[in-house]
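# Residue-level structure breakdown
What follows is each chain in one-letter form.
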Amino acid sequence: MIFSERTRQFVNKLRGALFLVLLIVAAPVAQIVGVPEVIVLNATKENELRRADELVDHLVRSGQLRITRIVKDTLIPTRQHERFSQYHNGLKVYGPEVTRQSESGLTLSIFGQFYSNIEVETTPSLPLDTITSKANSGIDWSLVENNSQELAILKDRHGVFQLAYRLTVGSEIGPSIQFVDAHNGTTVRQYPGIHLNNDGLPCDTCRVGEGRGVKGDRKKISVNTLGGRFQTLDLLRPPQIATYDLKGDWERLINILNGTDALSAADFGQDADNHWTDGPIVDGHVSAGWTYDYLYNRFQRNGLDGEDGPIISVVHPVNRSDLYTVPDNIFSLFFVNAFYCGTCGPDGIVVFGEGLPDGFVLTSTGQTIDFFTTGIDIVSHELAHAITDNTSGLIYQNESGALNEAFSDIIGVSVEFFMAETDRHRDETADYVLGEDVIKPNGVRSLADPLSLNNPDHYSVRYQGNADYGGVHINSTIASHAFYLAIEGGTNRTSGVSVTGVGSHNRSQIEQVFYRAFTMLMPADATFSVARETTLQSARDMFGAGHAVERAIGEAWTAVGIE
């Protein structure tokens, strides 16, 4: 999700405060940190790796860890990455993960954490049928079609383990992930379901047309022909890139998101002569193609899921003329936001907001909001949430959620730079501000100077409240500012610490290091400290210890207060 509701205030008085960090960096293997049952693994040195490897293998043999994914490294082809989830008495423990990197059978790094001495009753008092019948009553929420349901174990903020059913449920604002107590039926935790194949053969129906974006700029657009008309279905790239036009039918879109209706070929953007004039459709469809090209060229990644699965976007979820008649939740969801919904259908869906009518100015910020597809950085930001869903699965809450949003911002600005540098005939300049073409003036977040838009640039001034799922948008700039400093260098405004970056001509080096850390090395419940260690490990893996890339990244994390 791009645009969090700004019900928050940036609390400057927090600057300089001291905070207790429970999960310390470089904790010895099996050291108990903070609370007795949390065991941190952060092994990169030979003696640590031997002990950590033995521990992980023991936990796998005993069934306490299970492999959930094995991924071949696209940037270092000789490497592979295993991802493990924790289980207790056959039930998944939600949150803790362990990642292990290896080459030719030799372990090179292990990151993550798991809980020891779990004590919880694993027999539910309420059967699943009782929980789902309440869900299907429609009183509070309803189950999403084809919903996956599982019994899982959670750990609350007080260190107490709970037995809960994990459900995907629908509501008036789309699906969410809910954990329902298996003993009393209450919802104990909730996450948003939205962040708030082509066979490669010649395509006889494929065409390349010309369109004009919202800003009036000319763009080539890859489309398909059907029945004498042209539709926004790109079959020239390996994945199907499909852009759907809902023509303002938000009630149907809610049903689609909740799984009670489906998109069809009739919903594609349509044009009669292949000279496209609907700017939001043109911008969204073309930017999705640029995002795919960037992922493949920079990381050799095959699309959002790594397997060239479909890339599905929806534009015109509402009509601007309906601004004063829609419910408040529809205003915040479909007018002034863009989001990725990973639980919507088998491939996920990105929805791009309509923005506000010309001349409409937000009294709270003095800003106008245009169609959300106008910004290629916003389009690629939302698509990047699908990459996270298909790799590290960073939990959308607190520091892991802030890292989730930071990665999307990093991909967003990186795609913008890639497009500007690749298509030099276009009058397009790239920058480190997210959404400046949509939310005017100033955009929504600045990676170069987070404080200028009331976001923290240092860990000491991070937001610590419960709003925004624990500050996932607010605190994201701590990590994304480190990314910026590692490239461009500069001085952090809060700490006064200066960084010697690798320079803009070496931007791709930092992009590759961060991508590899965020998708392959990082566990789902990663903290900022883990982000520091995994990016440093990624830099050493790719460029060697002591290289300028490792030094720049280390300096950058130090500058933003992450040691």
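Attention in this report is confined to the structure presented alongside it. Note that residues are indexed from 1 along each chain, following the sequence as it is written. Local features in this predicted model are restricted to residues whose pLDDT is 70 or higher, and side-chain atom pairs enter the listing and the counts only when it is 80 or higher, whereas totals over whole chains, interfaces and linings include all residues. Working from all heavy atoms in the structure, the side-chain values ignore hydrogens and water.

Secondary structure is summarised from DSSP: a helix means a run of H or I of at least four residues, a strand means a run of E of at least two, and numbering begins at the N terminus for each. Scanning the protein chain for helices and strands turns up 12 helices and 26 strands. The 563 residues of the protein chain split such that 59% are buried. In short, Shrake-Rupley with a 1.4 Å probe defines the accessible areas, and a residue's cover is counted only from the protein chains shown. Here the protein chain displays about 22,400 Å² of accessible surface, and carbon together with sulfur accounts for 48% of that area. For every residue, the accessible area obtained with a 1.4 Å probe (protein chains only) is divided by the maximum for its type, and the residue is called buried under 20%, exposed over 50%, and partly exposed between those limits.

Considering the arrangement of structural elements, one finds R507 in helix 10 (residues 507–521). On the basis of relative accessible area, R507 is assigned to the buried category, the value being 7%. A distance of 3.4 Å separates polar atoms of two side chains, one belonging to R507 and the other to E488. Here a residue-residue contact requires only that any non-hydrogen atoms of the pair lie within 4.5 Å. Those residues in contact with R507 that sit more than four places away from it in its chain are F417, E421, Y432, I487 and E488. Pairs of N or O atoms within 3.5 Å make up the polar contacts considered here, provided that, within protein, one atom can donate a hydrogen while the other can accept it, and that residues adjacent in sequence are counted only when both atoms are side-chain atoms.

Right, let's talk about the pattern of salt bridges for a bit. Salt bridges, as used here, are contacts in which a Lys or Arg side-chain nitrogen is within 4 Å of a carboxyl oxygen on Asp or Glu. In this structure the tally under the stated criterion is 27 salt bridges. Across the pair R100 and D53 runs a salt bridge whose closest N-O atoms are separated by 2.7 Å. Here R100, found in strand 4 (residues 91–103), pairs with D53, found in helix 1 (residues 46–61); they are 47 residues apart in sequence, far enough to count as distant. R79 is the partner of E103 in a salt bridge, and the nearest nitrogen-oxygen pair spans 3.4 Å. Here R79 lies in strand 3 (residues 79–88) and E103 lies in strand 4, a separation of 24 residues in the sequence. A relative accessible area of 26% means that E103 is categorised as partly exposed. Residues participating in the shared-partner salt-bridge network are D73, R79, E103, R516 and D541.

All right, on to the sheet that holds strand 17 (residues 275–276) then. Strand pairing is assigned whenever DSSP detects at least two bridges linking the two strands. Here five strands make up an open sheet; going across it, the order is 16-13-12-11-17 and the pairing mixed. Of all the strands in the sheet, just strand 16 (270–271) and strand 17 have a single pairing partner and so form its edges. The sheet contact formed by strand 13 (residues 229–231) and strand 16 spans two bridges and is antiparallel. In the sheet register, F230 faces strand 16, and the bridge partner there is D271. Angles shown run from 0 to 180 degrees and are taken between the N-to-C directions of axes, each axis being a line fitted to C-alpha atoms and, for helices, limited to the stretch in contact. Seen against the sheet, helix 4 (residues 279–299) touches strand 11 (206–212), strand 12 (218–226) and strand 17 and runs at an angle of roughly 90° to strand 12.

Examined bridge by bridge, strand 11 and strand 12 share seven bridges and lie antiparallel to one another. Note that in strand 12 the partner of R212 across the bridge is R218. Between strand 11 and strand 12, which pair antiparallel and follow one another directly, the connecting turn spans five residues, one of which, G216, has a positive phi of 85°. Sheet topology note: the strand 11/strand 17 ladder contains two bridges and is parallel. Within the sheet, the bridge partner assigned to E210 lies in strand 17 and is H275.

With that out of the way, let us pick up the environment of N274. Note that N274 resides in the loop between strand 16 and strand 17. Residue classification places N274 among the buried residues on the basis of a relative accessible area of 8%. Counting along the chain gives 63 residues from N274 to G211, while the straight-line C-alpha distance between them is 7.8 Å. In this view, N274 contacts R207, V208, G209, E210, V223 and F230; residues no more than four positions away in its chain are not counted. At 2.9 Å, the side chain of N274 forms a polar contact with the side chain of W276.

Read from one edge of the open sheet, five strands run 14-15-18-20-19, paired in mixed fashion. If you trace the sheet from one side to the other, it starts and ends with strand 14 (233–234) and strand 19 (338–341), each paired once. Relative to strand 15 (residues 241–245), strand 14 runs antiparallel, the two being bridged by two bridges. Within the sheet, the bridge partner assigned to D234 lies in strand 15 and is I241. Helix 6 (residues 376–389) rests against strand 18 (311–315), strand 19 and strand 20 (349–352) of the sheet, and its axis sits at about 20° to strand 19.

So, on to the nonpolar core. Side-chain atoms within 4.5 Å are what join buried Ala, Val, Leu, Ile, Met, Phe, Trp, Tyr and Cys residues into a set we call a nonpolar core. By size, the foremost hydrophobic cluster in this structure holds 109 residues, and its most contacted members are F334, L403, F483, I510, F514, I553 and W557. The biggest single contributor to this core is helix 7 (residues 398–422), with 11 residues. If you look at the next biggest cluster of nonpolar residues, it comprises 17 residues, including V120, L163, Y165 and V180.

Running from N to C, helix 4 and helix 10 cross one another at 95°; their axes reach a closest spacing of 10 Å. The orientation of helix 4 with respect to helix 10, classified from their angle, is roughly perpendicular. Contacts between helix 4 and helix 10 involve Y294, R298 and F299 from the former and S508, E511, Q512 and Y515 from the latter. Residue type decides the class: Asp, Glu, Lys and Arg count as charged, Ala, Val, Leu, Ile, Met, Phe, Trp, Tyr, Cys and Pro as nonpolar, and the leftover types, Gly among them, as polar. For the contact of helix 4 with helix 10, the class distribution of residues is three nonpolar, two polar and two charged. What sets the label is the angle itself: under 35 degrees gives roughly parallel, over 145 gives roughly antiparallel, 65 to 115 gives roughly perpendicular, and the rest give oblique.

The term disulfide is used for any two cysteine sulfur atoms that are within 2.5 Å. A complete count under the given rule lists one disulfide for this structure. Covalent S-S linkage joins C341 and C344, the inter-sulfur distance amounting to 1.9 Å. Looking down the S-S bond of the C341 and C344 bridge, the torsion is 75°, so its handedness is right-handed. The pair C341 / C344 is uniform in exposure class, with both members buried.

Peptide bonds are mostly trans, and most non-glycine residues show a negative phi. Going from K440 to P441, the amide bond is cis rather than trans, its omega being -5°. With respect to the secondary-structure elements, P441 resides in the loop between strand 23 (439–440) and strand 24 (445–446). With a phi angle near 90°, N442 is a residue other than glycine that sits in the positive phi range. Among the structural elements, N442 can be located in the loop between strand 23 and strand 24. The residue N454 is not glycine, and still its phi comes out positive at about 65°. Structurally, the position occupied by N454 is in the loop between strand 24 and helix 8 (467–471). Judged by its relative accessible area of 48%, N454 falls in the partly exposed class.

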